[in-house]
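Structural overview for review
Next come the chains, spelled out residue by residue.
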Amino acid sequence: MKPLIAANWKLHKLPSEVAAWVTDLHGALETANTDRLELALCAPFTHLPALQTALVGSSVRSGAQDVSAHDTGAYTGEVSAAMLKDVGVHYVIVGHSERRDLHAEDDALVGAKVKAVLSSGLVPILCVGERLEQREAGQAEAVTLGQLRAALEGVTLTSAAELVVAYEPVWAIGTGKTATDSDAQALCGAIRGELRGLMPEIADEVRILYGGSMKGDNAAGLLAQPDINGGLIGSASLDAASLAKIAAAC
Ligand code: PGA
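One structure accompanies this document, and this report is about it.

1. Focus: the layout of surface pockets
Quantified by volume, the largest pocket comes out at close to 410 Å³. In this structure, the largest pocket is lined by 16 residues; those nearest its centre are Lys10, Leu11, Gln65, Asp66 and Arg99. For the lining of the largest pocket, the leading source of residues is helix α4 (residues 97–102), giving 3 residues. Here the residues of the lining of the largest pocket are counted per class, giving 6 nonpolar, 6 polar and 4 charged.

2. With respect to the packing of helix α1 (residues 18–28) against helix α10 (residues 240–249)
With their axes 9 Å apart at the nearest point, α1 and α10 run at an angle of 40° to one another. Crossing of α1 over α10 shows right-handed handedness. Touching Trp21, Asp24, Leu25 and Ala28 of α1 are Ala240, Ala241, Leu243 and Ala244, all from α10. Taken together, the residues of the contact of α1 with α10 break down into 7 nonpolar, no polar and 1 charged.

3. So, the pattern of salt bridges
Charged atoms that come close allow side chains of opposite charge to pair. The tally for this structure, following the rule as stated, stands at 15 salt bridges. Residues Arg207 and Glu38 are paired through a salt bridge, measuring 2.9 Å at the closest nitrogen-oxygen approach. Note that Arg207 is positioned in strand β7 (residues 207–211) and Glu38 in strand β2 (residues 38–43), a separation of 169 residues in sequence. Here Arg207 falls in the buried class, since its relative accessible area comes to 11%. With relative accessibility at 10%, the residue Glu38 sits in the buried group. The shortest N-O distance in the salt bridge between Arg192 and Asp227 comes to 2.9 Å. Taken together, the positions of Arg192 in helix α8 (residues 181–198) and Asp227 in the loop between α9 (219–223) and β8 (230–233) put the pair 35 residues apart, joining distant regions of the chain.

4. Some remarks on helix α7 (residues 140–152)
If you check α7, its first and last C-alpha atoms are 19 Å apart, about what 13 residues at 1.5 Å a residue would give, namely 18 Å. Buried residues in α7 make contact with α4, α5 (107–119), β5 (123–128), α6 (132–136), β6 (164–167) and α8.

5. Thoughts on the packing of aromatic side chains
Under the definition given, this model contains 2 aromatic pairs. Judged by centre distance (4.7 Å) and plane angle (75°), the rings of Trp9 and Trp21 are edge-to-face. Here Trp21 lies in helix α1 and Trp9 lies in the loop between β1 (4–8) and α1, a separation of 12 residues in the sequence. Residue Trp9 shares its accessibility class with Trp21, and that shared class is buried. The ring centre of Trp9 lies 5.3 Å from the NZ or CZ of Lys13, which sits over that ring.

6. Considerations on the site of the ligand
Taken together, the neighbourhood of the ligand is formed by 13 residues, with His96, Glu168, Gly174, Ser213 and Ser235 sitting nearest. Between the ligand and the protein, one listed contact pairs an oxygen atom with a side-chain N or O atom of Glu168 at 2.6 Å. Residue Gly234 places a main-chain N or O atom 2.8 Å away from an oxygen atom belonging to the ligand. Taken by itself the ligand offers 280 Å² of open surface, and the protein chains cover 99% of this. In a pocket analysis with a 2 Å cut-off to the grid points, the ligand is assigned to the largest cavity. Its residues assigned to classes, the shell around the ligand shows 4 nonpolar, 7 polar and 2 charged.

7. Here we look at the nonpolar core
Ranked by internal contacts, the top residues of the largest apolar core, which has 69 residues, are Leu41 and Leu195. Ranked by residue count, the leading element in this core is α8, at 6 residues. With near-sequence residues (within four places) excluded, Leu195 lies in contact with Leu148, Leu152, Leu163, Val165, Pro200, Ala203, Val206 and Ile208.

The rules we used
Every residue gets a number counted from 1 within its own chain, in the order that chain's sequence is written. The model is predicted, so local features are restricted to residues of pLDDT at least 70 and side-chain atom pairs to those at 80 or more, both for listing and for counting; the totals for chains, interfaces and linings are taken over all residues. Hydrogens and water are ignored here; the side-chain numbers use all heavy atoms of the structure. Cavities and pockets are found on a 1 Å grid laid over the protein atoms alone: a cavity is a set of points where a 1.4 Å probe fits but cannot escape, a pocket is an open set with protein on both sides within 12 Å along at least five of seven lines, and a lining residue has an atom within 4 Å of such a point. Grid points are joined across faces, edges and corners, and a volume is the space filled by probe spheres set on the points. Working definition: helices are DSSP H or I runs of at least four residues, strands are E runs of at least two. Numbering for both runs from the N terminus. Three residue categories are used. Nonpolar comprises Ala, Val, Leu, Ile, Met, Phe, Trp, Tyr, Cys and Pro, charged comprises Asp, Glu, Lys and Arg, and polar comprises the others, including Gly. Interaxial angles span 0 to 180 degrees and are taken between N-to-C directions of axes, which are lines fitted to C-alpha atoms, for helices over the stretch in contact. Crossing handedness: left-handed means the near helix sits turned counterclockwise from the far one by under a right angle, and right-handed means the same turn made clockwise. The contact criterion used is simple: two residues touch if any of their non-hydrogen atoms lie within 4.5 Å. One speaks of a salt bridge when a side-chain nitrogen belonging to Lys or Arg is within 4 Å of a carboxyl oxygen belonging to Asp or Glu. Throughout, exposure labels follow a simple rule: accessible area from a 1.4 Å probe, protein chains only, divided by the maximum for the residue type, with under 20% read as buried, over 50% as exposed, and the rest as partly exposed. In this scheme, a helix's expected span is set at 1.5 Å multiplied by one less than its residue total. Note on ring pairs: Phe, Tyr and Trp rings are taken, using the six-membered ring of Trp, and paired if centres are within 6.5 Å. Classes follow the plane angle, with under 30 degrees stacked, over 60 edge-to-face and the rest tilted. A ring is considered to have a charge above it if a Lys NZ or an Arg CZ atom is located within 6 Å of its centre and within 35 degrees of its normal. Throughout this document, a residue counts as near a molecule or strand when at least one of its heavy atoms sits within 4 Å of that molecule or strand. We define a polar contact as two N or O atoms separated by no more than 3.5 Å, with the added condition that, inside protein, one atom must be a possible hydrogen donor and the other a possible acceptor, whereas residues neighbouring each other in sequence contribute only through side-chain atom pairs. All accessible areas in this document rest on Shrake-Rupley with a 1.4 Å probe, and a residue is counted as covered only by the protein chains that are shown. A pocket or cavity is taken to hold a molecule when more than half of that molecule's atoms are within 2 Å of the pocket's grid points. Nine residue types can take part in a nonpolar core, namely buried Ala, Val, Leu, Ile, Met, Phe, Trp, Tyr and Cys, and a core is a set of them joined through side-chain atoms within 4.5 Å.

Written out as structure tokens, the structure reads:
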């Protein structure tokens, strides 16, 4: 399967900065063998039209960072999956820990968002992962797999291309602390095992990303693990050259 390197810009950059950044990325990628991997840029909603324009003729795909669970109606401030589809978006990050923690998104809402994304024909990048105290209490796997099961309850998929799962231990996000290669593999392997139970025909081909302080100098070890099929990159994705360095490590 082709690994996926997905940038998560979070609340950074301006729409007017997107085109130049994409040019920088394409320049920086020349040395990496981009045929071997897929790249995606998950940007704020306001940036997506500019991103689509900048990516015309490129194999890099665009993504959003959140979505409404609703299709249409009186939901001020929300953006639906159909709206994202209409702009040309391919991926949608769902259930990021910053949404779970700062915007009180629970498993039920994350599951509803996954279904909204799938029913519009977009691909969710479903984020799961434990907090530090849960890891210290020996609950990392139970918490992570519980989030996975809850988000995928009632979901039927026919192709592995319809889903991406990102294992993001909360304590590693934006902290500079990365999970060790073997800890990250252990959890990504557990996610693979759970997927085999939930969707046996396609589980082995579903891409599982690691996210949490992945950088150019630690990416190679993480990406060499059998059940780590790419990365979800926050801080290191803001600079085109450092994102290209991760792509080169892939
Ligand atoms: P980070 O963020 O790379 O800055 O740790 C990853 C993420 O939040 O997806």
